[in-house]
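Architecture and fold: a report
The lines below spell out each chain.
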Amino acid sequence: MKLSLAIQTPEVPVPVPVALLTGSLEDKLAKARDLGADGVELLTVNPKALEAPALRRALDGAGLEVAAIGSGALAFAAGLTLLHSDPQVAAQAQERLRDLIDLAADLRAPLVTVGSFRGCVASVGTNGRALLAARLREAADYAAARGVRLALEPLNRYETDIVHTAAEGLAFVDEVGHSALGLLLDTYHVNIEERSWTEPFRSLMAAGRLWHVHLGDNNRLHPGGGLIDFAAIVATLGEAGYRGYLSAELLARPDPDTAATETMRAMRPLVAPYRGH
Ligand code: LER
Ligand code: MN
């Protein structure tokens, strides 16, 4: 089990509320490494504006992996969603998803997340579910050809109208039926939508579809800043043989560096028994 911190890349035009660490990209990478992270999740909006080789050198220099390429900033900072009511914007979103997949392949990141970036079925009418399935199937084909996978994230009911729980996520992924499409669980959303903090993780591990995890407490502060039992979640994941990333994507409060420091302080001892697993 490995630890990651979500950071925004330099071309993102506005501060992303759930992006951690301050300074230049190199500063952020050095801080992540010094805090004991194994990787970073890159929240990006326009990979073509990024110098991928320089980025790769900076990551290698810091000895960090890219845990994931996060798509949430596409919705938040660029207004792009797969289910946008304007078909031209939706097509642009689909194209941008391919750019994120290309970046993932360039940086040897295992997956691209699909959370807020899917948008809402209500924006497109009754065939939204089929439309999303078709768009994700197409993107999963593109990803698979490049050795990358997609992780769909159940989100709480206030943020989307499709796929709120692990069970709904599994049903949707089964419908799409593509080996490159799996799931990501975010503890913050789990706390709002599920009946247990641990069962959703256990059931997706049993189904072989839990590929990534986002960390945030019930109030979206750093682990330990709220009520969630992270020790129980990590133990469940450890027992189920989870070898992926726990990636902190949480409110940058009281400031982005303190949120990262507190996250790592809380999580390092919990994952210690499962290092190298
Ligand atoms: C949104 O609340 C979220 O958790 C993200 O991962 C967005 O994609
Ligand atoms: Mn998330």
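Residues numbered from 1 in each chain as written. Chains lettered and ligands numbered in written order. Predicted model: local features only at pLDDT ≥ 70, side-chain atom pairs only at ≥ 80, totals over all residues. Heavy atoms only, no water.

Concerning unusual backbone geometry
Generally, phi is negative for residues other than glycine and the peptide bonds are trans, each holding for most cases. Inclusion rule: Each helix is a run of H or I in the DSSP string that is no shorter than four residues. Each strand is a run of E no shorter than two, and both are numbered from the N terminus.
The omega angle of the peptide bond from Arg 253 to Pro 254 is 5 degrees, so this bond is cis rather than trans. Following the sequence through the fold, Pro 254 ends up in the loop between strand 8 (245-248) and helix 10 (256-271). The backbone phi angle of Leu 21 is positive, close to 70 degrees, even though this residue is not glycine. Structurally, the position occupied by Leu 21 is in the loop between strand 1 (2-8) and helix 1 (25-34).

Some points on the layout of surface pockets
Counted only if it meets this: Cavities and pockets were defined on a 1 Å grid built from protein atoms only: a cavity is a group of points that admits a 1.4 Å probe but offers it no way out, a pocket is an open group of points flanked by protein on both sides within 12 Å along at least five of seven lines, and a lining residue is one with an atom within 4 Å of any such point. Grid points are joined across faces, edges and corners, and a volume is the space filled by probe spheres set on the points. For this classification, the nonpolar set comprises Ala, Val, Leu, Ile, Met, Phe, Trp, Tyr, Cys and Pro, the charged set comprises Asp, Glu, Lys and Arg, and every other residue, Gly included, is treated as polar.
In this model, the largest pocket occupies a volume close to 310 Å³. In terms of lining, the largest pocket is formed by 20 residues, of which the most central are Val 18, Gly 72, Ser 116, Arg 220 and Glu 249. Residue assignment for the lining of the largest pocket shows that the elements contributing at least two residues are strand 2 (39-43) and helix 3 (72-78). With three residues, helix 3 is the largest single contributor of residues to the lining of the largest pocket. Residues that form the lining of the largest pocket fall into these classes: eight nonpolar, seven polar and five charged. Reported here for the second largest pocket is a volume of approximately 190 Å³. As for the second largest pocket, its lining consists of 13 residues, and the residues nearest its centre are Ala 67, Pro 110, Trp 211, Gly 244 and Tyr 245. With three residues, the top contributor of residues to the lining of the second largest pocket is strand 3 (residues 65-70).

Structural notes on the coordination of the manganese ion (ligand 2)
Basically, it comes down to this: Donor selection uses N, O and S atoms within 2.8 Å of the metal (3.2 Å for Na, K and Ca). Since no water is included, sites may look incomplete. Geometry is assigned from donor-metal-donor angles: four donors are tetrahedral when every angle falls between 85 and 135 degrees, four are square planar and six octahedral when opposite donors sit over 155 degrees apart with all other angles between 65 and 115, and any other arrangement is irregular. Exposure is judged per residue with a 1.4 Å probe applied to protein chains only, and the accessible area is read against the type maximum: over 50% gives exposed, under 20% gives buried, and values in between give partly exposed.
At this site the manganese ion (ligand 2) is bound by Glu 153 (OE), Asp 186 (OD), His 214 (ND1) and Glu 249 (OE), with donor distances of 2.1 to 2.4 Å. Metal-centred angles of 73 to 178 degrees between the six donor atoms at the manganese ion (ligand 2) mark the site as octahedral. Looking at Glu 153, the relative accessible area reads 4%, which means it is buried. On the basis of relative accessible area, Glu 249 is assigned to the buried category, the value being 11%.

Structural notes on the packing of aromatic side chains
Here is the rule we go by: Paired rings are identified among Phe, Tyr and Trp, the last through its six-membered ring, by centres lying within 6.5 Å, and are further divided according to the angle between planes into stacked (under 30 degrees), edge-to-face (over 60) and tilted (the rest). Two conditions define a charge located above a ring, namely a distance within 6 Å from the ring centre to NZ of Lys or CZ of Arg, and an angle within 35 degrees of the ring normal.
Within this structure, the stated rule accounts for zero aromatic pairs. The side chain of Arg 146 reaches across the aromatic face of Tyr 142, ending 3.5 Å from its centre. The side chain of Arg 149 reaches across the aromatic face of Trp 211, ending 3.7 Å from its centre.

What is shown is where atoms sit, not what they do.
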